[in-house]
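These are the residues of each chain, in order.
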Amino acid sequence: MVLKIGFLYFAFIAWGCLTLLPLVVLREIGQGFYRFFGFLCVALQTLAIGLALMAGGDWEQNYKTAAIVLGVSLFFTLCFTVALRIRRQWFLWSCFGLAVISGLAAITYFPWVGQDRWLFLAVHALITALVMGAVILAMMLGHWYLVTPKLSIIPLKRYSGSYILLTVLTTLELVLNYFLYVGWDNEPVTLAGQRWMGEIMFVLFRVAWGILPPLGMAYWIWETVRMKSTQSATGILYAAMICTMIGEGMGLYLTLATGVPF
């Protein structure tokens, strides 16, 4: 299970960062920021595929297929990053679109297809990838203001606002999944629900780290961004990123262990 968690974790981060990157237009922030995240996504996808190779024949066929499709996304992500210097818009965004589509299939379809209520697992994987990508982009953009202090505050508002909205969406989704799998009267309604209740300590840890602190910090993140206090916002975003990454990692473990999206 450790290799599966690592594979999905790195793939989620890479896809989330890549997909949300264009929220800030290239000409607003410059090629340097785009290239940094392009190569970061390539590195993360390479790590994920490396873990798949380590698993070898021990993995189920759906995970092997997911690793192959992620390799396709890796190729187009690299092409996109290199194309930033070529400045051929049609080629640049074609590579970006193909990287996002293939990466989406690798994290939301192949690992879950065939499982009970796999569509809920796929939606959860999508939200998880986006919330991790949003917080990393926002935090790194906060540091980017040290390099380009004259940069407008609007890009940071976009990434921070996306992270806050996705954190709220994650909370609502987890509440819905709880009632869907465990039941309104706290009596397990499915085998997955029984497994979920058996992992109650990890569930509480996931909520205490990955849900409550980011929700509590959301207001201060937005207020500091609104006041154009980029250093303060970056510090809070750094703390939020740590909580989110730990919480989502624990959620990924619970999802694989119980079959319940968490």
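Use the structure listed above.
The text that follows walks through the structure, step by step, so that each part is easy to find. (Residues numbered from 1 in each chain as written. Predicted model: local features only at pLDDT ≥ 70, side-chain atom pairs only at ≥ 80, totals over all residues. Heavy atoms only, no water.)

A tally of regular secondary structure across the chain gives 11 helices and zero strands. Reading the secondary structure of the chain in the N-to-C direction produces α-α-α-α-α-α-α-α-α-α-α. Its C-alpha atoms give the chain a radius of gyration of 19 Å, within 12% of the compact-globule value 18 Å for 262 residues. In terms of principal-axis extent, the alpha carbons of the chain reach across some 55 × 45 × 25 Å. The burial tally for the chain puts 54% of its 262 residues in the buried class. In the chain, the share of contacts with a sequence separation of at least 24, taken over all contacts with a separation of at least 6, comes to 76%. (Helix = DSSP H or I, 4+ residues; strand = E, 2+ residues; numbered from the N terminus. Rg over C-alpha atoms; globule rule 2.2 N^0.38 Å. Buried < 20%, exposed > 50% of the residue type's maximum accessible area, 1.4 Å probe, protein only. Contact = heavy atoms within 4.5 Å.)

With that settled, consider the pattern of salt bridges. A complete count under the given rule lists four salt bridges for this structure. The shortest N-O distance in the salt bridge between arginine 206 and glutamate 248 comes to 3.1 Å. Linking arginine 206 in helix α9 (residues 200-210) with glutamate 248 in helix α11 (residues 230-258), this pair joins segments that are 42 residues apart in sequence. What makes arginine 206 buried here is its relative accessible area of 0%. (Salt bridge = Lys/Arg side-chain N within 4 Å of Asp/Glu carboxyl O.)

With that out of the way, let us pick up the packing of aromatic side chains. Under the counting rule described, the total for this entry stands at 16 aromatic pairs. The interplanar angle of 55° and the centroid separation of 5.3 Å between the aromatic rings of phenylalanine 80 and phenylalanine 96 together place this pair among those described as tilted. Of this pair, phenylalanine 80 sits in helix α4 (residues 61-86) while phenylalanine 96 sits in helix α5 (residues 89-108); the two residues are 16 residues apart in sequence, bridging distant segments of the chain. An identical accessibility class is assigned to phenylalanine 80 and phenylalanine 96; each is buried. (Phe/Tyr/Trp six-rings, centres within 6.5 Å; stacked < 30°, edge-to-face > 60°.)

Between helix α6 (residues 118-144) and α11, the shortest axis-to-axis distance is 9 Å and the interhelical angle comes to 160°. Compared by their axis directions, α6 and α11 come out roughly antiparallel. Pair α6 / α11 crosses with left-handed handedness. Facing α6, whose interface residues are Leu121, His124, Thr128, Val131, Met132, Val135, Ile136, Ala138, Met139, Gly142 and His143, α11 presents Thr234, Leu237, Tyr238, Ala240, Met241, Thr244, Met245, Glu248 and Thr255. Within the contact of α6 with α11, the residues separate by chemical class into 12 nonpolar, seven polar and one charged. (Axes fitted to C-alpha atoms, helices over the stretch in contact; angles between N-to-C directions. Parallel < 35°, antiparallel > 145°, perpendicular 65-115°, else oblique. Left-handed = near helix turned anticlockwise from the far one by under 90°. Nonpolar A, V, L, I, M, F, W, Y, C, P; charged D, E, K, R; others polar.)

With that settled, the discussion passes to the nonpolar core. One finds Phe7, Phe12, Phe33, Phe80, Leu141 and Ile221 to be the most contacted residues of the largest nonpolar core, which totals 81 residues. In terms of residue count, α6 provides more of this core than any other element does, 15 residues in total. For phenylalanine 12, the contacting residues outside a window of four places in its chain are Ile107, Trp112, Ala125, Thr128, Ala129, Met132 and Leu252. (Core = buried A, V, L, I, M, F, W, Y, C linked by side-chain atoms within 4.5 Å.)

Structurally, threonine 128 is set in helix α6. Classification of threonine 128 by relative accessible area gives buried; the value is 7%. Ignoring anything within four residues of it in the chain, the contact list for threonine 128 reads Phe12 and Glu248.

Here the focus is α9. Residue pairs spaced three or four apart in an α-helix point in one direction, given the helix's 3.6 residues per turn. Residues of α9 that are buried include every one of Val203, Arg206 and Gly210, and no others. Projected onto a plane normal to the axis of α9, the buried residues spread over an arc of 70° and lie on a single side. (Arc of directions from axis to C-beta.)

What follows deals with a nonpolar patch on the surface. A cluster of nonpolar residues, Phe205, Trp209, Tyr238, Ile242 and Ile246, forms a patch on the protein surface that exposes about 420 Å² of accessible area. For the nonpolar patch, the secondary-structure elements that each account for two or more residues are α9 and α11. Counting residues per element, the nonpolar patch draws most heavily on α11, which supplies three residues. Within the secondary structure, isoleucine 246 sits in helix α11. Relative accessible area serves as the criterion here: at 33%, isoleucine 246 is assigned to the partly exposed category. (Patch = residues over 30% accessible without salt bridge, like charges linked within 9 Å, V, L, I, M, F, W, Y side chains within 5 Å. Areas by Shrake-Rupley, 256 points an atom, 1.4 Å probe, with all protein chains shown as cover.)

Attention now moves to the environment of leucine 51. Among the structural elements, leucine 51 can be located in helix α3 (residues 31-55). Separated by 44 residues in the primary sequence, leucine 51 and phenylalanine 7 place their C-alpha atoms 6.0 Å from one another.

Quick look at the packing of helix α1 (residues 2-20) against α6 now. Viewed as axis vectors pointing N to C, α1 and α6 meet at an angle of 65°, and their least axial separation amounts to 7 Å. Taken together, the axes of α1 and α6 are roughly perpendicular relative to one another. Crossing hand, α1 versus α6: right-handed. Together, Tyr9, Phe12, Ile13, Trp15, Gly16, Cys17, Thr19 and Leu20 of α1 and Ala125, Leu126, Thr128, Ala129, Leu130, Met132, Gly133, Ala134, Ile136 and Leu137 of α6 make up the contact between the two elements. Each residue belonging to the contact of α1 with α6 can be placed in one class, and the counts come to 14 nonpolar, four polar and no charged.

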